[in-house]
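Chain residues, written in single-letter form:
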Amino acid sequence: MIFSYLVDDIILHRAGVKDKWGQPPADTEIPLKGKVEIGTALVKDIKGENVYSSMSVMIESRAISHEDFIEYDGVEYAILSIRKPRDFSWGFIEVFLK
């Protein structure tokens, strides 16, 4: 049922591990469907500080980190916070963006 709400096209840009020379790898793009909600929310970032998020995206659960970023409508957004809502037992995460 929740899959019918995943109508927005987003791209997850994965940050990779640097190679032995300290160079970042080529960017990995993963196209996804998600539910984008534009609006301000007060969330805690990875440092535990309160910051304002300009939008959130709900996507299927996957390995995602704060070093990755999400592209929506041609604009790249940094990831502020990653939450797994308790309401959904079938594996969704909510990602708050800067």
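Residues numbered from 1 in each chain as written. Predicted model: local features only at pLDDT ≥ 70, side-chain atom pairs only at ≥ 80, totals over all residues. Heavy atoms only, no water.

A.B. asks: Requested: an account of the sheet that holds strand β3 (residues 50–60), with residues and values cited.
C.D. replies: Within the closed barrel, the six strands sit side by side as β1-β2-β3-β6-β5-β4. Their pairing is antiparallel. Pairs of neighbouring strands in the sheet enclose a mean axial angle of 50 degrees, with direction left out of account. Pairing geometry for strand β4 (residues 69–72) and strand β5 (residues 75–83), over four bridges, is antiparallel. Paired with Y72 across the strands is V75, a residue of β5. (Pairing = 2+ DSSP bridges. Helix = DSSP H or I, 4+ residues; strand = E, 2+ residues; numbered from the N terminus. Axes fitted to C-alpha atoms, helices over the stretch in contact; angles between N-to-C directions.)

A.B. asks: Please set out the side chain of E71 residue by residue, giving values where relevant.
C.D. replies: The topology assignment puts E71 in strand β4. One buried charged side chain, E71, makes no salt bridge at all; its nearest oppositely charged neighbour is R14, positioned 14 Å away. Here H13 takes part through its side chain, which lies 2.7 Å from a polar atom of the side chain of E71. With residues up to four places along the chain from it excluded, the contact list for E71 reads I10, I11, H13 and E76. (Buried < 20%, exposed > 50% of the residue type's maximum accessible area, 1.4 Å probe, protein only. Lys, Arg positive; Asp, Glu negative; His and termini not counted. Salt bridge = Lys/Arg side-chain N within 4 Å of Asp/Glu carboxyl O. Polar contact = N/O pair within 3.5 Å; in protein donor to acceptor, adjacent residues only side chain to side chain. Contact = heavy atoms within 4.5 Å.)

A.B. asks: Let's hear about the pairing of β4: which residues, and what values?
C.D. replies: By the bridge criterion, three bridges tie strand β1 (residues 8–14) to β4 in an arrangement that is antiparallel. Looking at the pairing, L12 lines up with I70 of β4. In this antiparallel pair of consecutive strands, β4 and β5, the connection spans two residues, and D73 shows a positive phi of 55 degrees.

A.B. asks: Give a description of unusual backbone geometry that names residues and reports values.
C.D. replies: One non-glycine residue, D73, lies in the positive phi region at around 55 degrees. One can find D73 in the loop between β4 and β5.

A.B. asks: Describe the pattern of salt bridges, naming the residues involved and giving the relevant values.
C.D. replies: Across all of its chains, the model carries three salt bridges by this definition. With a shortest N-O distance of 2.7 Å, K33 and D9 are connected by a salt bridge. Taken together, the residues K33 in strand β2 (residues 28–44) and D9 in strand β1 connect sequence positions 24 residues apart. Close ionic contact of D68 with R14 constitutes a salt bridge, the shortest N to O distance being 3.2 Å. Of this pair, D68 sits in the loop between β3 and β4 while R14 sits in strand β1, placing them 54 residues apart in sequence.

A.B. asks: Describe the pairing of β3, and please don't skip the residues or the numbers.
C.D. replies: As defined by bridge partners, β2 adjoins β3 across eight bridges and the pair is classed as antiparallel. The residue of β3 that forms the bridge with E37 is S56. In sequence, β2 turns back onto β3 through a hairpin of five residues, with G48 there showing a positive phi of about 90 degrees. In the sheet, β3 pairs with strand β6 (residues 92–97) via six bridges, with the strands oriented antiparallel. Bridged to I59 within β6 is I93.

Everything listed is a geometric property; what it means functionally is a separate question.
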